[in-house]
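Examination of the molecular architecture
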Amino acid sequence: MSSFILKIAALSTMIIDHIGFAFIISSFRYIGRIAFPLYAFLIGEGCRHTSNIKRYLGRLLVFAFISEIPFDLLRSTRGGVPIKSFTDIIDMSAQNVFFTLFFGALSIAVYLHVKKAKGESFALIIGLSAMIICAYLADFIRADYGFMGVIIIALPAIAAESCPLKDWKKFINIAVIAICLLFIYNVDWQLGFLLASFVSLIFILIYNGRKGMPVKWAFYLTYPLHMAILFLIWFYLGNI
């Protein structure tokens, strides 16, 4: 299974989740728990394999800002607040997941840079410190998944990359993701979400490390576009 297939799985389950959010379909929300662990894993892979990590980080940050209004529009479907002006659209109580992905990727980028320049031991100290700082920043701005969102992106990638045994890297990555998921869904009523999120680990386990079809811009653009479309459908149905 290539990274292209992983991206399709992540994108599809995310869209299903957002449909469930907009139209209050609880079963869709369970399917949606598969998406974020896949995105977390793919960010780690993206940081490791990109030819220009600064440009990679720049894309994530640019799309974080592009996606914010569609994200706020989608969130408004649950509040039921009528949108009468532009100020009604802006919602600072939560920010979209691209900010979380950016902070997670930034943590990994710091680790990889220091590892190349100073060696593994120093890189672990700096990389983990950067991860904690970025996690608090994500929590401070109320980015989607917050503190643990950054941890589940950065910690598995750093742990896997620091392992000297190449054949064990993916298993370490999966194990750390599983531990992070236990922390995220640590409440009894979230047991269903936890079990659903573990399905993502099966996709990662059969990942073959290949890139697959190169259509990265389509995946970036689909995030803000599908949220805007879902809002328009919700708005239209509410005004028929």
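Residues numbered from 1 in each chain as written. Predicted model: local features only at pLDDT ≥ 70, side-chain atom pairs only at ≥ 80, totals over all residues. Heavy atoms only, no water.

**As for the packing of helix 1 (residues 3–23) against helix 3 (residues 35–49)**
Here helix 1 crosses helix 3 at 145°, and the two axes come no closer than 8 Å. Considering only the axes of helix 1 and helix 3, their crossing is left-handed. Here Ser-3, Leu-6, Lys-7, Ala-9, Ala-10, Leu-11, Thr-13 and Met-14 of helix 1 come into contact with helix 3, specifically with Ala-35, Leu-38, Tyr-39, Phe-41 and Leu-42. Here the residues of the contact of helix 1 with helix 3 sort into 10 nonpolar, two polar and one charged. (Axes fitted to C-alpha atoms, helices over the stretch in contact; angles between N-to-C directions. Helix = DSSP H or I, 4+ residues; strand = E, 2+ residues; numbered from the N terminus. Left-handed = near helix turned anticlockwise from the far one by under 90°. Contact = heavy atoms within 4.5 Å. Nonpolar A, V, L, I, M, F, W, Y, C, P; charged D, E, K, R; others polar.)

**Brief notes about the packing of aromatic side chains**
Each aromatic ring pair is specified by the distance between its two centres and by the angle formed by the two planes. One pass over the full model with this rule turns up 17 aromatic pairs. Between Phe-41 and Tyr-207, the ring centres sit 5.3 Å apart and the planes meet at 85°, which makes this aromatic pair edge-to-face. With Phe-41 in helix 3 and Tyr-207 in the loop between helix 11 (191–205) and helix 12 (216–238), the pair connects residues that are 166 residues apart, well separated along the chain. This pair shows no difference in class: Phe-41 is buried, exactly as Tyr-207 is. Through a chain of ring-to-ring contacts, three or more aromatic side chains come together here, namely Phe-63, Phe-98, Trp-217, Tyr-220 and Tyr-223. Positioned above the aromatic ring of Phe-193 is the side chain of Arg-33, whose terminal nitrogen or guanidinium carbon lies 5.1 Å from the ring centre. (Phe/Tyr/Trp six-rings, centres within 6.5 Å; stacked < 30°, edge-to-face > 60°. Buried < 20%, exposed > 50% of the residue type's maximum accessible area, 1.4 Å probe, protein only. Lys NZ or Arg CZ within 6 Å of the ring centre and 35° of its normal.)

**Quick notes on the packing of helix 7 (residues 97–118) against helix 8 (residues 120–140)**
Relative orientation of the contacting elements helix 7 and helix 8 amounts to 165°, with a least axis distance of 8 Å. Taken together, the axes of helix 7 and helix 8 lie roughly antiparallel to each other. The two elements helix 7 and helix 8 meet at a crossing, and its hand is right-handed. Taking contact as the criterion, the partners of Phe-103, Leu-106, Ser-107, Val-110, Tyr-111, Val-114, Lys-115 and Lys-118 in helix 7 are, on helix 8, Glu-120, Phe-122, Ala-123, Leu-124, Ile-126, Gly-127, Ala-130, Met-131, Cys-134, Leu-137 and Ala-138. Classifying every residue of the contact of helix 7 with helix 8 gives 14 nonpolar, two polar and three charged. (Parallel < 35°, antiparallel > 145°, perpendicular 65-115°, else oblique.)

All quantities given are derived from atomic positions and should not be read as evidence of function.
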